[in-house]
Amino acid sequence: MNSISVGRVHLSTRNALARVTQRSTGRVLIVHRNYHDESFGFRKARDFTIPDYTSDQLTNRATNAPLLRYADSLRTHGHRAASIDPLDLLRRERVAALDPIRYGLDDPDRTFDIDGIIWTGEGHQEWTLENITSFLNSVYVGRIAYEYMDLPSKTERLWFAMLLESQGALEPTTTINADKRKNIHALLAKSEVLDNFLQVKFPNLKRYGLEGGESMLPALDALFEAASKAGITQLILAMPHRGRLNLLTGLLEYNPTSLFHKIKGGCEVDESLGVSGDVLSHLVASPTLHYGEADGIKVSLLPNPSHLEAVSPVAVGKARAKQYRLLKTLSNDKNDQDCMLGDKVMCVQLHGDASFTGQGVVMETLGLSGLPHFTSGGSVHIVVNNNIGYTTPASSARSSFYCSDIAKMINCPVLHVNGDCPEDVVRAVDIAFKYRNHFRKDIVIDLIVYRRWGHNELDEPAFTQPLMYEKIRSRSSVPKLYEDKLVSDGVISVEAARAVRDSYKASLNAALNDVASYVPPPMSFEGAWKGMVWPASPAARQEETGVNSAVLSEVGKASVHVPKEFEIHPRLNRHVKNRLRSIESGEGVDWASAEAMAFGSLMLEGCDVRIAGQDVGRGTFSHRHAMLVDQKTEGVVVPLNHALTEAKGKLELANSSLSEMAVLGFEYGASWERPDLLPIWEAQFGDFFNGAQVIIDTFIASSETKWLKQSGIVLLLPHGLDGAGPEHSSCRIERMLQANIFLKKSNINMHVVFPTTPAQYFHLLRRQIKRNYRKPLIVAAPKGLLRLPAASSKLTEMGPGTAFQPVLQDLATLPDPKAVQRVVLLSGKIYYDLAKERATRDLQSRVALIRVEELAPFPFAALSEALAPYANANKQLEVLWVQEEPRNQGAWGHVQERVEEVLKGLGMDGGVAYRGRKEDAVSAPGTGKLYGAQQLAVIESAFQGL
């Protein structure tokens with residue numbers, strides 16, 4: 001990869017995307033169209049190429065073209081005949097493409113030069129057709145099946161062929177020593193002992209055991225070991241409920257006493273914190289496992305909701321954020337300049353077959369895997385494939401033959417392996433990890449197993465799958481089959497095998513006896529979270545959010561700095577001039593300028609900022625322009641990164657795919673990892689959060705209550721009725737408020753705000769980082785207000801001593817509260833419509849407009865303070881709540897009871913009346929005339945009768 005510095009802009013290029021432009025100055029500017037190269041910490045995956053065929057090999061391939069076609073056919077279609085299904089339920093027909101006669105090869109004794117056709121690593125060799133057929137069938141039609149011939153990369157196809165064929169059809173026993181075989185046995189046996197123990201001690205428990213899929217444990221153990229020995233120090237693991245308890249206790253060192261405490265109804269965390277905890281099948285652990293390396297590998301199993309696959313993008317986001325933190329830490333060490341994404345951190349995602357096919361977030365997350373702002377250096381996916389989802393058979397659950405076929409959308413190789421053969425499973429994992437580590441791409445292992453019981457242990461699966469369960473109930477378990485094999489091979493004695501089981505069972509009994517004295521460990525903040533506190537603790541504090549005017553000026557100017565010889569779009573010259581003018585005058589600061597000053601000031605304080613979503617670099621409404629594009633070369637610069645040379649923090653602009661659920665989940669995962677990061681997801685329009693509702697409900701709104709997980713995620717949801725129709729008007733504030741905890745003294749789960757000035761927005765963004773705890777922030781963000789002169793701020797409103805105000809008083813009416821006849825409470829952009837109409841009617845002295853900027857937590861004290869002057873002057877004062885959203889939407893349902901509580905506290909018993917649109921099934925009308933008539937009626941209703 002070539003690069004050249006021009007001025008202070010560093011632009012990178014790859015040949016396929018580079019354009020070289022000769023300027024009049026005679027200087028050459030090499031540019032890269034993909035602006036992500038400018039972002040901090042970006043690392044291009046290592047190039048990995050294999051030399052092309054030699055001339056002799058090409059000649060031999062042409063001479064023996066029928067043999068080449070036959071070999072490629074086995075590579076391509078061998079999986080269709082492989083022995084990969086433990087129950088032999090896959091409906092397979094004879095694969096004619098695997099017959100050599102089809103290619104004119106009918107003499108088994110004929111010899112061929114296999115150089116360049118079969119990759120044994122030995123060069124020229126003469127093999128008979130019979131030997132070739134036997135060899136290729138042993139490689140491609142065994143207990144592991146491969147799908148890699150559809151990969152568009154010749155390098156990757158050759159890599160697989162060379163690896164698999166150079167190893168030949170080695171039996172796992174030749175590569176897995178006796179100690180490792182004993183370890184596999186111990187993992188399988190302990191898993192079976194645990195399931196049997198729980199069945200006896202807690203017969204009515206839905207444990208979602210691993211029976212039938214026990215090979216998952218040696219698979220993960222092999223993967224952890226391979227990763228550790230390759231230098232990976234952190235592994236992020238996402239998985240569903242099935243087999244979770246087996247993994248926790250069998251491999252992740254989870255205390256069985258804690259497990260039994262939970263089963264008996266106890267809470268897994270300190271209940272004094274006022275949290276509710278989660279169900280048994282969502283427990284977590286983060287041990288450091290040692291495989292001979294001094295530092296070991298930390299495996300973090302993430303908490304997950306019951307919405308299958310929702311945790312996958314969260315895991316990838318956390319893995320990338322963890323890697324970026326390491327890259328940034330290492331950035332000053334010349335020895336670590338070659339550190340790439342995926343060198344130190346790996347994401348592993350476990351799936352069920354039905355959810356991998358059926359849940360759209362799987363496709364969305366796979367779609368992120370190779371994007372420059374979202375790749376984590378390659379995930380290893382293991383699909384624990386029961387060939388059934390609840391009671392739905394595979395034939396009714398997917399339109400494809402394999403559940404893994406969805407991964408082909410990203411040209412992902414797939415390894416299918418028979419779960420009855422643990423050593424083959426370990427070999428498949430070894431191959432998969434090698435691929436991931438070479439190419440830093442995703443790979444899928446389709447681990448074909450079975451489910452001994454129904455969806456849970458209390459379910460009767462034979463109601464709907466009688467033949468499948470007739471087979472399952474007539475066969476020995478996977479641990480027993482493997483144990484018998486090791487005994488037969490002389491690796492372990494019957495007595496030693498029994499001792500493994502008896503010893504583990506005894507330890508489980510001892511753990512069960514300790515439950516009565518068990519106390520969950522206290523919560524602690526470690527690693528990147530050290531120094532943070534529990535939000536409801538007395539130590540929680542709010543730091544200053546105002547910034548010195550000199551810093552604001554520096555950042556504001558830097559945000560529109562255009563490098564020399566960089567040609568921006570002519571229309572952006574006005575954008576640059578307007579921002580500089582507002583900075584110089586200290587007035588007329590718009591929303592994009594305030595946002596840039598919040599970002600830049602945080603960067604100067606050492607914090608990174610990442611904003612992701614569709615069109616975030618420019619902004620949906622063409623207002624942000626945080627990235628500038630050279631109109632001649634398409635070179636890109638992010639001014640804040642370029643001009644704030646002393647800033648330790650960086651701004652990453654992650655223009656995303658057209659996904660909501662996976663992208664928001666990804667950003668949320670990053671927020672778990674890095675409290676020093678301001679992570680923002682911006683919806684193109686507020687309504688589009690609908691596609692990410694599962695993430696909002698099961699993670700953002702509830703993670704702290706369920707899992708003690710804090711997050712500083714910010715959701716920017718452009719909101720406001722402006723004639724754009726039902727799907728471009730509302731961020732459904734009512735839903736966000738419904739998901740909130742509203743009690744006065746409770747530990748609020750997330751903030752919901754509807755700011756009306758850029759200064760308020762500025763302080764909100766900085767508040768997210770300046771506190772010593774983290775809370776999600778939902779912002780009903782502006783659309784029409786972005787350029788409204790009346791909705792601008794002064795620089796002094798962001799200076800030292802200033803802060804976000806949950807309620808904005810009406811300064812125009814405060815001089816004489818006695819003259820006020822009506823107080824209008826409101827939230828959001830309708831304020832400017834009402835203020836304009838009030839001025840038109842000359843009612844400034846008679847109508848007060850009070851803005852509730854923070855809807856959750858509800859500002860009881862601040863609102864009481866704002867209303868007190870009017871209440872003291874007139875106890876019969878008329879109080880209205882005015883909103884442009886329909887009555888069954890917006891904030892009305894949330895504020896009514898709370899406003900009345902405030903009024904009663906002030907001795908006002910008249911309550912609050914509603915003015916606004918009537919109930920509606922849509923958030924806004926799609927007809928322009930109807931919208932206009934409704935909006936006018938809402939505005940007029942605020943002043944009716946005066």
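Here the structure is a predicted model, which is why all the values come from computation and not from measurement.

### Side note on the pattern of salt bridges
Stage number 1. Taken as a whole and judged by the stated rule, the model has 47 salt bridges.
Stage number 2. Linking E605 and R766 is a salt bridge whose minimum nitrogen-to-oxygen distance equals 2.9 Å. Of the two residues, E605 is situated in the loop between α19 (591-604) and β17 (608-613) and R766 in helix α25 (residues 758-770); the sequence distance between them amounts to 161 residues.
Stage number 3. For E605, a relative accessible area of 39% puts it in the partly exposed group.
Stage number 4. Across the pair R732 and E734 runs a salt bridge, and its minimum N-O distance is 3.4 Å.
Stage number 5. Residue R732 is classed as buried on the basis of its relative accessible area, which comes to 17%.
Stage number 6. Looking at E734, the relative accessible area reads 16%, which means it is buried.

### Quick word on the side chain of R398
Stage number 1. With respect to the element layout, R398 can be found in the loop between α12 (394-397) and β15 (414-418).
Stage number 2. No salt bridge is formed by the buried R398. Its closest oppositely charged neighbour is D353, at 4.5 Å.
Stage number 3. Looking at R398, its side chain comes within polar contact range of the main-chain oxygen of S400, at 3.4 Å.
Stage number 4. Each residue touching R398, except ones within four places of it in the same chain, is listed here: D353, T357, N387 and C403.

### A word on the confidence of the model for the protein chain
Stage number 1. On average, the protein chain scores 90 in pLDDT, and the residues at 70 or more come to 93%.
Stage number 2. Between residues 1-38, whose pLDDT stays under 50, and residues either more than four places distant or in other chains, the model counts 90 contacts.
Stage number 3. Segment residues 332-336 is flagged for pLDDT under 50; beyond a separation of four residues in sequence, or across chains, it makes 1 contact in the model.

### Considerations on the sheet that holds strand β26 (residues 822-826)
Stage number 1. Taken in spatial order, the 5 strands of this open sheet run β25-β27-β26-β29-β30, and their pairing is mixed. One side of each edge strand has no neighbouring strand; the edge strands of this open sheet are β25 (807-808) and β30 (913-917).
Stage number 2. When β26 meets strand β29 (residues 878-886), the two strands line up parallel, connected through 4 bridges. Of the residues in β29, the one forming a bridge with V824 is L880.
Stage number 3. Relative to strand β27 (residues 847-852), helix α26 (residues 830-840) is tilted by about 170 degrees, and along the sheet it contacts β26, β27 and β29.

### Here we look at the sheet that holds β17
Within a sheet, adjacent strands bond to each other through the backbone by hydrogen bonds, running parallel or antiparallel.
Stage number 1. Spatially, the 7 strands line up as an open sheet ordered β20-β17-β21-β22-β24-β23-β28, and their pairing is mixed. Every other strand in the sheet has two partners, leaving β20 (651-655) and β28 (854-856) as the edge strands with one partner each. The mean inter-strand angle of the sheet, taken between neighbouring strand axes irrespective of direction, is 20 degrees.
Stage number 2. Both β17 and strand β21 (residues 677-682) contribute to a ladder of 6 bridges, which runs parallel. Residue R610 lies in a different strand from β21, and its bridge partner there is P679.
Stage number 3. Each of β17, β21 and β22 (714-718) touches helix α21 (residues 661-673); the most contacted strand, β21, lies at about 170 degrees to it.

### Some details on the packing of helix α2 (residues 65-77) against helix α3 (residues 129-140)
Stage number 1. One way to put it is that α2 packs onto α3 with a least axis distance of 9 Å and a crossing angle of 20 degrees. Taken together, α2 and α3 sit at an angle that is classed as roughly parallel. The crossing of α2 and α3 is right-handed. Contact with α2, carried on its side by L67, Y70, A71, L74 and R75, involves L129, I132, T133, L136, N137 and Y140 of α3 and no other residues of that element.

### Quick look at the side chain of T155
Stage number 1. Residue placement: T155 occurs in helix α4 (residues 154-167).
Stage number 2. Classification of T155 by relative accessible area gives buried; the value is 17%.
Stage number 3. Those residues in contact with T155, other than ones at most four positions away along the chain, are F48, T49, I50 and F439.

### Some words on the nonpolar core
Stage number 1. Of all hydrophobic cores here, the largest spans 107 residues; its most connected members are F160, M216, F224, L237, L252, F260 and I382.
Stage number 2. Setting aside anything within four residues of it in sequence, one finds F224 in contact with L235, L237, L251, L252, L289, Y291, I297 and V299.
Stage number 3. If you look at the next biggest cluster of nonpolar residues, it comprises 76 residues, including F374, A701, V895 and V902.

### Regarding the pairing of strand β12 (residues 379-385)
Stage number 1. Among the 7 residues in β12, 7 count as buried, and that is most of the element.
Stage number 2. Because side chains alternate across β12, one face comprises the buried residues S379, H381, V383 and N385, and the other comprises V380, I382 and V384, equally buried.
Stage number 3. For strand β11 (residues 345-352) and β12, the ladder comprises 6 bridges, and the chain directions are parallel. Of the residues in β12, the one forming a bridge with C347 is S379.
Stage number 4. In terms of strand pairing, β12 meets strand β16 (residues 443-448) through 6 bridges, oriented parallel. Each residue of the ladder has a partner; that of V383, found in β16, is D446.

### Some remarks on the layout of surface pockets
Stage number 1. In this structure, the largest pocket spans a volume of roughly 1300 Å³.
Stage number 2. Lining the largest pocket are 40 residues, with V284, S286, S524, E526 and K709 sitting closest to its centre.
Stage number 3. Listing elements by their share of the lining of the largest pocket, those giving two or more residues are β10 (297-301), α9 (311-330), α21 and α23 (703-707).
Stage number 4. Grouping the constituent residues of the lining of the largest pocket by class yields 20 nonpolar, 9 polar and 11 charged.

### Digging into the packing of aromatic side chains
Stage number 1. According to the stated counting rule, one finds 26 aromatic pairs in the structure shown.
Stage number 2. Taken together, a centroid distance of 6.1 Å and an interplanar angle of 85 degrees make the contact between Y140 and Y146 edge-to-face. Residues Y140 and Y146 agree in their burial class; the two are buried.
Stage number 3. Ring plane angle 50 degrees and centroid distance 5.3 Å describe the contact between W892 and Y914, whose orientation is recorded as tilted. Within this pair, whereas W892 is found in helix α28 (residues 892-905), its partner Y914 is found in strand β30, the two being separated by 22 residues in sequence. Y914 carries the same exposure label as W892, and that label is buried.
Stage number 4. A connected cluster of aromatic rings, assembled from ring pairs, spans Y140, Y146, Y148, W159, F160, Y435 and F439.

Procedures and definitions
- Residue indices begin from 1 for each chain and proceed along its sequence in written order.
- Since the coordinates come from a predicted model, pLDDT governs what is reported: local features require at least 70, and pairs of side-chain atoms require 80 or more to be given and counted, while whole-chain, interface and lining totals use all residues.
- Water and hydrogen atoms were dropped before computing side-chain values, which therefore reflect all heavy atoms in the structure.
- Salt bridge, as used here: a side-chain nitrogen of Lys or Arg that lies within 4 Å of a carboxyl oxygen of Asp or Glu.
- Each helix is a run of H or I in the DSSP string that is no shorter than four residues. Each strand is a run of E no shorter than two, and both are numbered from the N terminus.
- Remark: exposure states derive from per-residue accessible area (1.4 Å probe, protein chains only) relative to the maximum for the residue type, with buried under 20%, exposed over 50%, and partly exposed in between.
- The charged-residue count follows a simple rule in which Lys and Arg add positive charge and Asp and Glu add negative charge, with His and chain termini not counted at all.
- Think of a polar contact as two N or O atoms within 3.5 Å of one another; within protein, one of them needs to be a possible hydrogen donor and the other a possible acceptor, and neighboring residues in sequence only count if both atoms come from side chains.
- Contact definition: two residues touch when any of their heavy atoms are within 4.5 Å.
- Here pLDDT means the predictor's own confidence in every residue, given as a number from 0 to 100.
- Two strands are counted as paired when DSSP detects at least two bridges linking them.
- Axes, fitted as lines to C-alpha atoms, cover a helix only where it is in contact. Angles between the N-to-C directions of the axes lie from 0 to 180 degrees.
- An angle counts as roughly parallel when it lies under 35 degrees, as roughly antiparallel when it exceeds 145, as roughly perpendicular when it falls between 65 and 115, and as oblique in every other case.
- Working rule for handedness: look at the near helix, and if it is turned counterclockwise from the far one by less than a right angle, call the crossing left-handed; if clockwise, right-handed.
- Definition of nonpolar core: a set of buried residues of the types Ala, Val, Leu, Ile, Met, Phe, Trp, Tyr and Cys, connected through side-chain atoms within 4.5 Å.
- Residues are called lining when one of their atoms sits within 4 Å of a cavity or pocket point, these points coming from a 1 Å grid over the protein atoms alone, where a cavity is a set in which a 1.4 Å probe fits but cannot get out and a pocket is an open set with protein on both sides within 12 Å along at least five of seven lines.
- Grid points are joined across faces, edges and corners, and a volume is the space filled by probe spheres set on the points.
- Gly counts as polar in this scheme, as do all residues outside two lists: the nonpolar Ala, Val, Leu, Ile, Met, Phe, Trp, Tyr, Cys and Pro, and the charged Asp, Glu, Lys and Arg.
- Stacked, edge-to-face and tilted are the three classes for Phe, Tyr and Trp ring pairs, Trp counted by its six-membered ring, which pair at centre distances within 6.5 Å; planes under 30 degrees apart are stacked, over 60 edge-to-face, the rest tilted.

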